[in-house]
Amino acid sequence: MIKVSNLILEPNFNNDKIKQKIASALKINVSEILDFIILKSSIDARRKPKIFYVLTCGVTLFNERNFSDKKFEYNIIGVKYNKVDFNLSNSPVVVGFGPSGMFCALALSEMGLKPIVIEQGADVDTRDIQVKEFWETGKLNVNSNVQFGEGGAGTFSDGKLNTNVNNSYCLTVINQFYLSGAPKQILFEAKPHIGSDKLKTVVKNIRMQIIKNGGKVMFNTQLSDILVKNNRVCGIKAKNVLDNSEFEIKTENLVLAVGHSAKQVYYMLKNKNVMLEQKPFAMGVRIEQLQSDINFSQYGNKNLKLPSADYKLVTHLNNGRSVFTFCMCPGGQIVNSASEENTVVTNGMSNFLRDGKNANSAVLVNVTPSDFNSTDPLAGVEFQSKYESLAFECGGKNYNCPAQSVGEFLTGKKCELKVKPSLKVTYTNLKNCLPSFVYDSLKLALPILNTKLKNFADSGNLLVGIESRSSSPVTIVRDDNFESSIKGLFPCGEGAGYAGGITTSAVDGLKTAEHIRDLILKN
């Protein structure tokens, strides 16, 4: 197979047109092409309204001898580790079944270590029912919700896989997702995404692979205590949240992949004198727009059939703050992501087709430890909780999300909405549930961001509060072996402060598994 890059095609191309471009680039006849695959696809909108696709393809020819300089090997592989005959009396335990815990457990199972996974939320099918019931009725299950359950918070998101890193670990994660049922497009799109609808099948398939490899996955099971002897993990106490029965699991290797919303775990670690540090994060709101407006702003052409457009914006203000968009969901919806009683948190979600009427994105302001006014390592957690509780009050104390039109937010004058909210909201003044520096920075930034992308901050667009869990506000300190200050305790993923998104969390899970394996073999 040979690689052919920089193939420029107009929208609505088909396989025949791709073959013609390949033949032209190689100066051969189309009949000499045996087969091809798309390796990379991106959209070039720099000359809008003229829009082009740019493809890189892997091509199989009847005769490739004249193109030896372009030859390469193409393989789709998943997580594959050599099995080792470990002589362990107790299995590693992984707490949390989001991306980091899932891939850590998968790698451990491939190694032959037969991990035990505990997840306080439900399996993805049960969880889906519970989440939809909360959105419809306001009945919150604090153990199984948008934040907790099979697949983690990413299950109710856009399923973005793009990162600023490109290495073999990232490729392994993406390939494993594909082999577990994700759409083929994730293998070649410049900004791959799975979509919340497809993710549900993918995470189930990964779970079944772990079980097939000898692992065990226990849902509705909450970590209640970490057992330590001579500054080393010797086991855990766990609780079945359905019947409150408690039990112990012996282990010398404990992975904490709990996500950034398991606040009770942070307090447990603090009480055990595990080394924790304050960490910067961000806070703000979600903005909801018409997807057709975003498409026109990005493409400049209403007639082309193109994917729902996305955007990524940032501005650095004179007050020292940065304001940026995060987790943009084309053709998606804003979702109520509360995991604690009497709090309101938002996130964004899209299905694979991204064919909804609205677009949404977080608009966030950087928050630093100096804003906490405390040296307590969990001051950022308290900071989050304070404003999430205020958002609950501003929303009417019924889990409606507080909302305000962009126009009213900026001018104080009521404006007619262009968008229909995608979730239950209460119209109010968002100033009452945001830190003053966040509120002031958003007012300064929205008009600036609107100059970068027309229609972004149209007065008829909607702001919904609050977005407060884009990342963890605390780091669980670990050494070069990925161990915390307690030996055998391995903080992992986004909740531990070492990742930011699905792919990087999964990669951190793989690396954590490798460190556990190496330490076991060394000892």
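Just above sits the structure.
Residues numbered from 1 in each chain as written. Predicted model: local features only at pLDDT ≥ 70, side-chain atom pairs only at ≥ 80, totals over all residues. Heavy atoms only, no water.

Asker: Any chance you could break down the sheet that holds strand β7 (residues 221-229) for me, citing the residues and the numbers?
Answerer: With antiparallel pairing, the three strands of this open sheet are ordered in space as β7-β8-β9. What marks the edges here is a single partner per strand, and that holds for β7 and β9 (246-250). Pairs of neighbouring strands in the sheet enclose a mean axial angle of 25°, with direction left out of account. Pairing of strand β8 (residues 232-240) with β9, which is carried by five bridges, proceeds in the antiparallel orientation. Each bridged residue has a counterpart across the sheet, and for A238 the counterpart in β9 is F247. (Pairing = 2+ DSSP bridges. Helix = DSSP H or I, 4+ residues; strand = E, 2+ residues; numbered from the N terminus. Axes fitted to C-alpha atoms, helices over the stretch in contact; angles between N-to-C directions.)

Asker: Lay out the packing of aromatic side chains with the relevant residues and their values.
Answerer: The description of two aromatic rings rests on the distance between their centres and on the angle between their planes. Tallied over the entire structure, the rule returns 12 aromatic pairs. Pairing F13 with Y53 gives two aromatic rings, centres 5.2 Å apart and planes at 75°, and the pair type is edge-to-face. Placement of F13 in the loop between β1 (2-9) and α1 (15-26) and of Y53 in strand β3 (residues 50-61) is noted, with a sequence separation of 40 residues between them. What makes F13 partly exposed here is its relative accessible area of 23%. Measuring from centroid to centroid gives 5.2 Å for F103 and F177, while their planes differ by 70°, and the two rings are edge-to-face. Of this pair, F103 sits in helix α2 (residues 99-111) while F177 is found in helix α4 (residues 168-179), placing the two residues 74 residues apart along the sequence. Of the two residues, F103 and F177, both sit in the buried class. Put simply, the rings of F281, F372, F383 and Y387 pair up and form one aromatic cluster. It is R478 that lies over the ring of F482; its NZ or CZ is 3.7 Å from the centre. The aromatic ring of Y169 is capped on one face by K511, whose charged end is 5.1 Å from the ring centroid. (Phe/Tyr/Trp six-rings, centres within 6.5 Å; stacked < 30°, edge-to-face > 60°. Buried < 20%, exposed > 50% of the residue type's maximum accessible area, 1.4 Å probe, protein only. Lys NZ or Arg CZ within 6 Å of the ring centre and 35° of its normal.)

Asker: Requested: an account of helix α8 (residues 379-394), with residues and values cited.
Answerer: The end-to-end C-alpha distance of α8 is 23 Å, a good match for the 22 Å that 16 residues give at a rise of 1.5 Å each. For α8, every residue scored as buried is listed here: A379, G380, V381, F383, Q384, S385, Y387, E388, A391, F392 and C394. Taken from the residues just after α8, G396 is the one with a positive phi, measuring 105°. (Expected span 1.5 Å × (residues − 1).)

Asker: Hey, could you go over the sheet that holds strand β6 (residues 216-218) for me, with residue numbers and the actual values?
Answerer: Taking strand neighbours across the sheet as the criterion, the five strands line up as β6-β5-β4-β10-β22 in an open arrangement whose pairing is parallel. Sheet topology places β6 and β22 (489-491) at the edges, where each strand pairs with a single neighbour. Here the strands of the sheet are splayed against their neighbours by 20° on average, with no regard to which way each runs. In this sheet, strand β5 (residues 116-118) lies alongside strand β4 (residues 93-95) in parallel orientation, the contact comprising three bridges. Its bridge partner being in β5, V95 is matched across the sheet by I118. In the packing of α2 onto the sheet, the strands contacted are β4, β5 and β10 (254-256), and the crossing angle to β4 comes to about 165°. (Contact = heavy atoms within 4.5 Å.)

Asker: Run through empty space enclosed by the protein, naming residues and quoting values.
Answerer: Enumeration according to the criterion identifies one cavity of 30 Å³ or more in this entry. Of the volumes computed, that of the largest cavity is approximately 60 Å³. Lining the largest cavity, in full, are P99, M102, F103, G151, G154, T155, F177, L199, V203 and I502. Of all elements in the fold, only α2 and α5 (196-212) reach the threshold of two or more residues within the lining of the largest cavity. Per-element tally for the lining of the largest cavity: the top contributor is α2, with three residues. Of the residues belonging to the lining of the largest cavity, the class tally is seven nonpolar, three polar and no charged. (1 Å grid on protein atoms, 1.4 Å probe; cavity = no way out; pocket = protein on both sides within 12 Å on 5 of 7 lines; lining within 4 Å. Points joined across faces, edges and corners; volume = space filled by probe spheres on them. Nonpolar A, V, L, I, M, F, W, Y, C, P; charged D, E, K, R; others polar.)

Asker: Just give me the short version of the packing of helix α6 (residues 263-271) against α8, but keep the residues and values in it.
Answerer: At their nearest, the axes of α6 and α8 sit 11 Å apart, and the two run at 150° to each other. Crossing hand, α6 versus α8: left-handed. Where α6 abuts α8, its residues K263, Y266 and Y267 lie against V381, E382, Q384, S385 and E388. Looking at the contact of α6 with α8 residue by residue, the class counts come to three nonpolar, two polar and three charged. (Left-handed = near helix turned anticlockwise from the far one by under 90°.)

Asker: How would you summarise the environment of D128 if you had to cite specific residues and measurements?
Answerer: As for its position among the elements, D128 is in helix α3 (residues 124-137). Filtering out sequence-adjacent residues up to four positions away, D128 remains in contact with F156 and K200.

Asker: Give me the lowdown on the packing of α2 against α5, citing residues and values where you can.
Answerer: Packed helix pairs are characterised by how far apart their axes lie and by the angle those axes make with each other. Contact geometry of α2 with α5 gives a least axis separation of 9 Å together with a crossing angle of 30°. The angle between the axes of α2 and α5 places the two elements in the roughly parallel class. The hand of the α2/α5 crossing is left-handed. Where α2 approaches α5, its residues M102, F103, A105, L106, S109 and E110 are matched on the opposing element by V203, I206, Q209 and I210. Among the residues making up the contact of α2 with α5, the classes are represented as seven nonpolar, two polar and one charged. (Parallel < 35°, antiparallel > 145°, perpendicular 65-115°, else oblique.)

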